[in-house]
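Fold and geometry: a report
One-letter residues, chain by chain:
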Amino acid sequence: MPYIIFGISFIYITFFVSTIMCISTRLANNRPVMFARSRCDQCAKRLRWWQLIPCLGWLLQLGRCPDCHQPVSFTYPLAESSVGLLGALIIHSNPFNAAVSLVVFNLILLALACQDAAHLAISTWPIVVLLVLALIQHQFSWSKLLMVTTMYLASLYFIHRFQFMGNGDADCIAVLSLMFPIQVAIASILFASLIALTHFYLSHQRSNRLPFIPYLFSGLVIVQLYAFI
Ligand SMILES: [Zn+2]
């Protein structure tokens, strides 16, 4: 029975991840979000039903569009499989309420990562939802709130002065530090910086501004998955 719940959770969460990434891509390309068939990003041909299956769709088309033969980004199956696995593990090993708030927190942060990747800016209201989730979860303490608030205000001062990162990045780091043990937050930031630097040096098109939240989310997923090993 636990394995059936694990499998169903995995399938459900991969569909959520796929939907979030699909909506983000449509918004970034100024395409209608509702009632529109998914199309190939390169040739705009309608995707067949089997291409839309999370994880499997990418494998079935061998990573290339069957019409124009252009590569389909590996980010889709990677995000669907890793966040799906993480969500299923969270549901499998936490009480229901804690599991729901952790999974919702991860999915909202994924949506913010997609928005940051597309626009180098994020909306404020999802941060408020993340803050509420962080404040109602069981690991909350007033001393931690005081410490994170002090560090957040100090980082806003330095961001304003030196412009080394965006306000949205500081917002996400602050809510992440409230939601998870502080070691998880620090490890996620270190992983995020490592992935961002590696990606920057391997990338052919180097931009002078990098979206940090996709890397922060990747770091957080790695650290959370590592905790289950
Ligand atoms: Zn195509």
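Being a predicted model, the structure only gives us computed values, none of them experimental. (Residues numbered from 1 in each chain as written. Predicted model: local features only at pLDDT ≥ 70, side-chain atom pairs only at ≥ 80, totals over all residues. Heavy atoms only, no water.)

**Let's talk about the environment of Phe 74**
Rules: Every helix listed is a DSSP run of H or I at least four residues long, and every strand listed is a run of E at least two residues long, numbered separately from the N terminus.
Turning to its location among the elements, Phe 74 is positioned in the loop between α2 (56-60) and α3 (75-93). Put simply, Phe 74 and Ser 177 are 103 residues apart on the chain and 29 Å apart in space, counted from C-alpha to C-alpha.

**Here's the deal with the domain arrangement of the chain**
The following threshold applies: Each domain's extent is set by a domain assignment, obtained either automatically or from a database. What makes two residues a contact is simply this: any of their non-hydrogen atoms within 4.5 Å. When two components associate, each loses some accessible surface as probed by a 1.4 Å sphere; the sum of these losses over both components is called the buried area. A pairing counts as a salt bridge when a side-chain nitrogen of Lys or Arg comes within 4 Å of a carboxyl oxygen of Asp or Glu.
The domains assigned to the chain are domain 1 (1-93) and domain 2 (122-229). Spacing between the C-alpha centres of domain 1 and domain 2 amounts to 25 Å. The partner domain 2 presents five residues to the seven residues of domain 1 that form the contact. Taken together, both faces of the contact between domain 1 and domain 2 bury some 520 Å²; the carbon and sulfur share is 88%. Three residues stand out in domain 1 for area buried against domain 2, namely Val 83, Leu 86 and Leu 89, and they jointly supply 65% of the buried area on that side. Inspection of the region where domain 1 meets domain 2 yields zero salt bridges.

**Here we look at the packing of aromatic side chains**
In plain terms, the rule: Within 6.5 Å between ring centres, the rings of Phe, Tyr and Trp (the latter by its six-membered ring) count as paired, and their orientation is classed by plane angle as stacked under 30 degrees, edge-to-face over 60, tilted in between. Working definition: with a 1.4 Å probe on protein chains only, accessible area under 20% of the residue-type maximum means buried, over 50% means exposed, and in between means partly exposed.
Under the counting rule described, the total for this entry stands at five aromatic pairs. Their ring planes at 10 degrees and their centres at 6.2 Å tell us that Phe 158 and Phe 162 sit as a pair that is stacked. With Phe 158 and Phe 162 both in helix α6 (residues 142-162) and four residues apart, the pair spans about one turn of that helix. With a relative accessible area of 38%, Phe 158 lands in the partly exposed category. Their ring planes at 80 degrees and their centres at 5.5 Å tell us that Phe 200 and Tyr 201 sit as a pair that is edge-to-face. Look at Phe 200 and you get partly exposed, because its relative accessible area is 26%.

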